[in-house]
Amino acid sequence: MITKIGSLFAGNVDLDNIGLEGTPANDRWLPDDQLASVFDKCEAIAITMDRLGYSTFWSAEHHFQREGYECVPNLLMLFVHLAHLTQQLDFGCGFNVAPMWHPLRLAEDYATADILTNGRVKFGVGRGYHSREVESFDAPILDQDANRELFEEQIEVMFKAFNQRSFSHHGKHYNIPPDVPYRGYDLKEITLVPRPRSLPVECWQPIVSASPRALDFMAKYGIKGMIGGGAASGGASDEVVKRWQEALAKHGKETELGGELIVSFSVQLADTEQKAIDEARVWGEERIKMFGPLGFVPGLTPEQLEALTDPRRARGAGLPTIEDGVRSGSWFCGPPDSVTEKLMHIQDRYPGLEEINIGVTNMGMPLKATLEQLEWFGRDVLPKFTAQA
């Protein structure tokens with residue numbers, strides 16, 4: 001039963017000249033003060049969500065995004081700040097890109113944030129998808145096998161650090177601790193200082209490929225899954241949700257369908273479905289311009305990807321539309337009663353689902369529009385689900 005609703009903000013600043021006829025993604029090079037405006041935007045969104053009773057403000061770690069699409073480089077620093085501006089809202093790392101970190105630094109930083117916010121930060125990890133980011137931090141992403149191998153060892157290190165009073169790890173990528181003398185004794189184990197106050201650590205990871213190996217790895221470590229939002233395309237496949245339930249059962253955790261998941265949906269409220277579609281269209285188009293070349297808009301041909309770079313050709317290239325998203329169930333557009341009905345149907349389909357994310361911060365969407373959507377949803381939709389708790 002859905003009782004909690006959060007929202008993921010990828011970190012986009014307000015943009016001019018958006019949509020298929022607007023500025024091509026690679027041509028955007030924003031001034032520093034505009035890129036830094038993401039933090040004011042985070043504050044305004046978090047304070048609004050806190051006041052209205054949303055569960056979790058999720059955001060994403062990204063780097064070097066001069067285009068203005070994803071501009072938050074350090075989630076944990078941001079969340080400590082936002083926690084001191086709010087009263088009850090939780091904050092979700094969606095996600096810390098582990099290959100760009102040393103696992104012990106990430107574990108220490110999370111533990112510090114957990115203590116300073118009194119347990120209001122949810123840990124989250126991902127493998128990354130921007131070559132410009134991951135490879136610039138001297139970690140692999142073009143070599144997907146090497147990326148996964150590194151990521152899996154990092155998770156092993158972090159969970160040892162979280163859960164064991166002292167530990168050691170000797171693997172392919174990390175030798176912790178090194179065999180060195182220290183203050184009169186030979187170093188064999190180390191202790192994470194501080195360790196998190198909230199144990200076991202609640203950890204989330206995006207479900208993108210939903211490969212058996214990935215689902216099994218998550219279930220092994222008790223990592224929960226998020227479908228949609230960020231890298232995934234939105235909405236949930238019944239097949240993926242069922243395979244996730246089976247992976248959990250394989251590791252001894254029996255759940256109802258949808259358990260241990262958050263599912264994300266893009267939402268646009270308006271007086272009619274058509275008005276909502278028309279209002280959201282330009283933001284959906286900007287999303288395709290940003291995510292399409294990264295492989296997160298399924299089915300695009302090389303010709304369509306090339307057309308995305310040319311405002312004169314993009315409109316006629318047969319690109320996916322908001323209408324397609326509405327038909328597939330990844331976009332919910334229309335008046336509050338209609339959106340509520342669709343979410344209730346999701347609740348019936350996945351009886352183990354307790355939390356969802358709504359996407360009202362699409363690429364290029366101005367802060368004013370986002371706050372209006374959060375207010376309207378928070379007034380006319382959210383209470384119907386929080387009342388079920």
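Check the entry above for the structure.
None of the values given here were measured: they were computed from a predicted structure. (Residues numbered from 1 in each chain as written. Predicted model: local features only at pLDDT ≥ 70, side-chain atom pairs only at ≥ 80, totals over all residues. Heavy atoms only, no water.)

**Q** Go over helix α9 (residues 273-291), please, and point to the residues and values.
**A** The sharpest bend along α9 comes to roughly 45°, located at arginine 281. Within α9, the full set of buried residues consists of Ala276, Ile277, Ala280, Trp283, Gly284, Glu285, Glu286, Arg287, Ile288, Lys289, Met290 and Phe291. Where α9 is buried, its residues contact β12 (261-269), α11 (322-328), β13 (331-334) and α13 (367-380). (Bend = angle between axes of the 7 residues up to and from the residue. Helix = DSSP H or I, 4+ residues; strand = E, 2+ residues; numbered from the N terminus. Buried < 20%, exposed > 50% of the residue type's maximum accessible area, 1.4 Å probe, protein only. Contact = heavy atoms within 4.5 Å.)

**Q** Run through the environment of phenylalanine 64, naming residues and quoting values.
**A** Mapping phenylalanine 64 onto the fold places it in the loop between β2 (56-59) and α3 (75-83). A residue is classified by how much of its surface remains accessible, and phenylalanine 64, at 44% relative accessible area, is partly exposed. Expressed as a C-alpha distance, the spacing of phenylalanine 64 and isoleucine 356, which sit 292 residues apart in the sequence, is 29 Å. When near neighbours in sequence (up to four residues on either side) are disregarded, phenylalanine 64 contacts Arg132, Glu133, Ser136 and Phe137.

**Q** How would you sum up helix α2 (residues 38-52)? Please name residues and give values.
**A** With 15 residues, α2 extends 21 Å between its outermost C-alpha atoms, agreeing within 8% with the 21 Å of an ideal straight helix rising 1.5 Å per residue. Glycine 53 occupies a position one or two residues after α2 and carries a positive phi of about 95°. (Expected span 1.5 Å × (residues − 1).)

**Q** Quick rundown of the packing of aromatic side chains? Include the residues and the values.
**A** The geometry of an aromatic ring pair is captured by two quantities: the separation of the ring centres and the angle between the planes. Across all of its chains, the model carries 19 aromatic pairs by this definition. Seen in terms of ring centroids, phenylalanine 159 and phenylalanine 162 are 6.2 Å apart; in terms of plane orientation they differ by 65°. Their pairing is edge-to-face. In this pair, phenylalanine 159 and phenylalanine 162 are both assigned in helix α6 (residues 144-163), three residues apart and thus about one turn of the helix distant. Here phenylalanine 159 and phenylalanine 162 have matching classes, each one buried. Taken together, Tyr110, Phe123, Phe151, Phe159, Phe162, Phe217 and Tyr221 form an aromatic cluster joined through their ring pairs. (Phe/Tyr/Trp six-rings, centres within 6.5 Å; stacked < 30°, edge-to-face > 60°.)

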